[in-house]
Amino acid sequence: MGLGATAAVTVLPSFACAPQPGNKNYDGKKLNIALCGLGNYAGILADGFASSQYCRLAGIVTGTPAKAATWKKKYNIPAANIYDYQNFDTIAGNRDIDLVYIVLPNSMHAAFVIRAAKAGKHVITEKPMATSVKDCEEMITACKEANVQLAVGYRLHYEPYNMEMKRLGQEKVFGPVRLMETSLGYKVDDPNQWRLHKAMSGGGPLMNLGVYCLQASRYIMGEEPVAVTAQFNPVVNKALFSEVEASITWQLDFPSGAVCNSTSSYTANIDRLFAAADNGFFELAPAISYGPFKGRTSKGELNFPTINQQAAQMDGIGKLLLENKPLPSHITGEEGLKDMRIMAAIYESANTGKKVSLV
Ligand code: NAD
């Protein structure tokens, strides 16, 4: 039996042991969620709700009447739970909605998180949390003042292969980690895509994909980086990448002396993470996408179940909110803010050519 088969038992997310329907601790109630922004990822989330035990898609917020009609029919959404961007604030009076999940372009996250919080709803916002440190801080403050919980859609914290990487790193199963590589890239070549427009995206592949690489290096180490250097990579199609970087590479220094080298790119397909420790290595490729993932250590193949990441994330969050418990710190707004601060430092280093301290 390989390491993976043994380890699989230890890394199943806590919700896997949660009270099942029929269990005396579970009364069958589900958390009612409204999706705000009905684009590509909202569709993937909506499919995740279908197999979620603790959450239900109960409402939608959209600027497109035709989408409202399609979603109403497809997901059986009551007319009273359908909002547009103008009347969204009236959701405050709707007791049928517990949480609003913001799946809009990055620059819109802050305004809608703050509006949802003011309406008294818990909020999940997609990654990256926002487009600036200041926005992240204001989102956190708004949620605190409204006494609602704020999560970032960091789905990999519910994914068994990634949580095994975290365990192997943080528990030093192969000794202290010395060197990591975490990279994610896919080609973006549609000039109309909002991801290529800085006002909407806040930046290029670093904001969209690099945030996962950053997360992985931080959860493998269980340490906060102390300094960063970064470089923009050469741009071939200057017209396409006139507003955001096409590709960026950065190096994080960790307090224990470990180093992580990462690239996020809109010009190359890459999806991998690798960690070299004193007594062995562990790696995933694919590592960050929706899977199925593939991983191994210096002792052999890893073998974990392929899960619906969106359903797992919703159940992990939904169960805790139904029990009125705090969300784990690794998915909260404070965590999103940490990532945003580091991404700002990565851009600063790439722009200045200097190492930027994070302490
Ligand atoms: P998308 O372009 O498919 O959808 C964006 C939605 O926002 C659309 O419904 C669009 O109509 C709406 N919208 C409202 N105002 C808009 C405007 N001014 N310009 C453009 N669109 C506008 O994008 P997406 O891929 O669904 O991404 C949405 C968010 O989800 C982003 O923050 C992205 O980073 C995140 N995301 C997360 C994952 C993940 O795995 N966690 C995957 C994909 C996207």
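Look a little higher up for the structure.
Scope of this entry: the structure provided in the associated data block. (Residues numbered from 1 in each chain as written. Predicted model: local features only at pLDDT ≥ 70, side-chain atom pairs only at ≥ 80, totals over all residues. Heavy atoms only, no water.)

## A closer look at the site of the ligand
No. 1: Around the ligand sit 22 residues, and of these Asn40, Asn106, Lys127, Arg155 and Trp194 come closest.
No. 2: For the ligand, an oxygen atom lies 2.9 Å from a polar atom in the side chain of Lys67.
No. 3: A distance of 3.2 Å is found between an oxygen atom of the ligand and a backbone nitrogen or oxygen belonging to Leu104.
No. 4: The protein chains hide 79% of the 830 Å² of surface that the ligand would expose on its own.
No. 5: Among the elements of the structure, helix H2 (40-50) and helix H8 (205-221) are those that each provide at least two residues to the shell around the ligand.
No. 6: For the shell around the ligand, the residue count by class is 11 nonpolar, six polar and five charged. (Near = heavy atom within 4 Å. Polar contact = N/O pair within 3.5 Å; in protein donor to acceptor, adjacent residues only side chain to side chain. Areas by Shrake-Rupley, 256 points an atom, 1.4 Å probe, with all protein chains shown as cover. Helix = DSSP H or I, 4+ residues; strand = E, 2+ residues; numbered from the N terminus. Nonpolar A, V, L, I, M, F, W, Y, C, P; charged D, E, K, R; others polar.)

## Considerations on the packing of H8 against helix H10 (residues 333-352)
No. 1: Remark: H8 packs on H10, axes separated minimally by 10 Å, with the N-to-C direction vectors making an angle of 110 degrees. With respect to H10, the axis of H8 lies roughly perpendicular. Note that H8 runs across H10; the crossing there is right-handed. Across from Leu206, Met207, Val211, Leu214, Gln215 and Arg218 in H8, the residues of H10 making contact are Glu335, Lys338, Asp339, Met340, Ile342, Met343, Ile346 and Tyr347.
No. 2: Considered class by class, the residues forming the contact of H8 with H10 number nine nonpolar, one polar and four charged. (Axes fitted to C-alpha atoms, helices over the stretch in contact; angles between N-to-C directions. Parallel < 35°, antiparallel > 145°, perpendicular 65-115°, else oblique. Left-handed = near helix turned anticlockwise from the far one by under 90°. Contact = heavy atoms within 4.5 Å.)

## Here's the deal with the sheet that holds strand S3 (residues 82-83)
Across a sheet, strands are paired by hydrogen bonds formed along the backbone, either parallel or antiparallel in direction.
No. 1: If you trace the six strands from one edge of the open sheet to the other, you get S3-S2-S1-S4-S5-S6, paired in parallel fashion. Edge strands, defined here as strands with exactly one partner in the open sheet, are S3 and strand S6 (150-152).
No. 2: Where strand S5 (residues 122-125) lies against S6, three bridges are found, and the strand directions are parallel. Across the sheet, Ile124 pairs through a bridge with Ala151, a residue of S6. (Pairing = 2+ DSSP bridges.)

## A short note on the pattern of salt bridges
No. 1: Applying the stated criterion to the full structure yields 16 salt bridges.
No. 2: Between Arg178 and Asp278 there is a salt bridge, with the nearest N and O atoms lying 2.8 Å from each other. With Arg178 in strand S7 (residues 177-185) and Asp278 in the loop between strand S11 (270-277) and strand S12 (280-284), the pair connects residues that are 100 residues apart, well separated along the chain.
No. 3: Under the relative-accessibility criterion, Asp278 is labelled partly exposed at 45%. (Salt bridge = Lys/Arg side-chain N within 4 Å of Asp/Glu carboxyl O. Buried < 20%, exposed > 50% of the residue type's maximum accessible area, 1.4 Å probe, protein only.)

## Side note on the pairing of strand S4 (residues 99-102)
No. 1: Residues Leu99 and Tyr101 of S4 are buried on one face, and the alternating residues Val100 and Ile102, pointing to the opposite face, are buried as well.
No. 2: As paired elements, strand S1 (residues 31-36) and S4 share four bridges and run parallel to each other. Bridging from a neighbouring strand, Ala34 pairs with Val100 of S4.
No. 3: Regarding topology, helix H4 (residues 109-118) serves as the crossover connection from S4 to the parallel S5, and that connection is right-handed. (Right-handed = clockwise from strand over helix to strand, strands pointing away.)

## Some words on the nonpolar core
No. 1: Counting 112 residues, the largest nonpolar core has Leu35, Trp71, Tyr101, Ile220 and Trp250 as the members making the most contacts within it.
No. 2: Here this core gets 11 residues from one element, more than from any other, and that element is H8. (Core = buried A, V, L, I, M, F, W, Y, C linked by side-chain atoms within 4.5 Å.)

## Topic: the state of the cysteines
No. 1: For the structure on display, the rule yields zero disulfides.
No. 2: Cys136 forms no disulfide, and the closest cysteine sulfur to it belongs to Cys143, at a distance of 11 Å.
No. 3: On the accessibility criterion, Cys136 (0% relative accessible area) is buried.
No. 4: Among the cysteines around Cys260, which has no disulfide bond, Cys213 carries the closest sulfur, lying 8.0 Å off. (Disulfide = S-S within 2.5 Å.)

## Details of the packing of helix H6 (residues 160-170) against H8
No. 1: One can describe the packing of H6 onto H8 by two numbers: an axis separation of 6 Å at closest approach and a directional angle of 45 degrees. If you check the angle between H6 and H8, you find them oblique. Note on element contacts: H8 touches H6 through Arg218, Tyr219, Ile220 and Met221, opposite Asn162, Met163, Met165, Lys166, Gly169 and Gln170.
No. 2: For the contact of H6 with H8, the class distribution of residues is five nonpolar, three polar and two charged.

## A few points about the packing of aromatic side chains
No. 1: The tally for this structure, following the rule as stated, stands at 10 aromatic pairs.
No. 2: A ring pair is formed by Tyr85 and Phe112, whose centres lie 5.4 Å apart and whose planes are at 75 degrees; its orientation type is edge-to-face. Here Tyr85, found in the loop between S3 and S4, pairs with Phe112, found in helix H4; they are 27 residues apart in sequence, far enough to count as distant.
No. 3: Its relative accessible area of 23% is what places Tyr85 among the partly exposed residues. (Phe/Tyr/Trp six-rings, centres within 6.5 Å; stacked < 30°, edge-to-face > 60°.)

## Comments concerning the side chain of Glu245
No. 1: Relative to the elements of secondary structure, Glu245 occurs in the loop between strand S8 (227-232) and strand S9 (247-253).
No. 2: Buried and unpaired, Glu245 has Lys198 as its nearest opposite-charge partner, separated by 7.1 Å.
No. 3: Among the polar contacts listed, one links the side chain of Glu245 to the side chain of Tyr347, at a separation of 2.8 Å. (Lys, Arg positive; Asp, Glu negative; His and termini not counted.)

## What about helix H3 (residues 65-75)?
No. 1: Looking only at H3, the buried set comprises Ala68, Trp71 and Tyr75. Summarising the axial view, the buried residues of H3 lie within an arc of 75 degrees, below the 170-degree limit, and thus occupy one face. Turned more than 90 degrees from where H3 packs its buried face, Pro65, Ala66, Lys73 and Lys74 sit exposed.
No. 2: On its buried face, H3 is in contact with S1, H2, strand S2 (55-61) and S3. (Arc of directions from axis to C-beta.)

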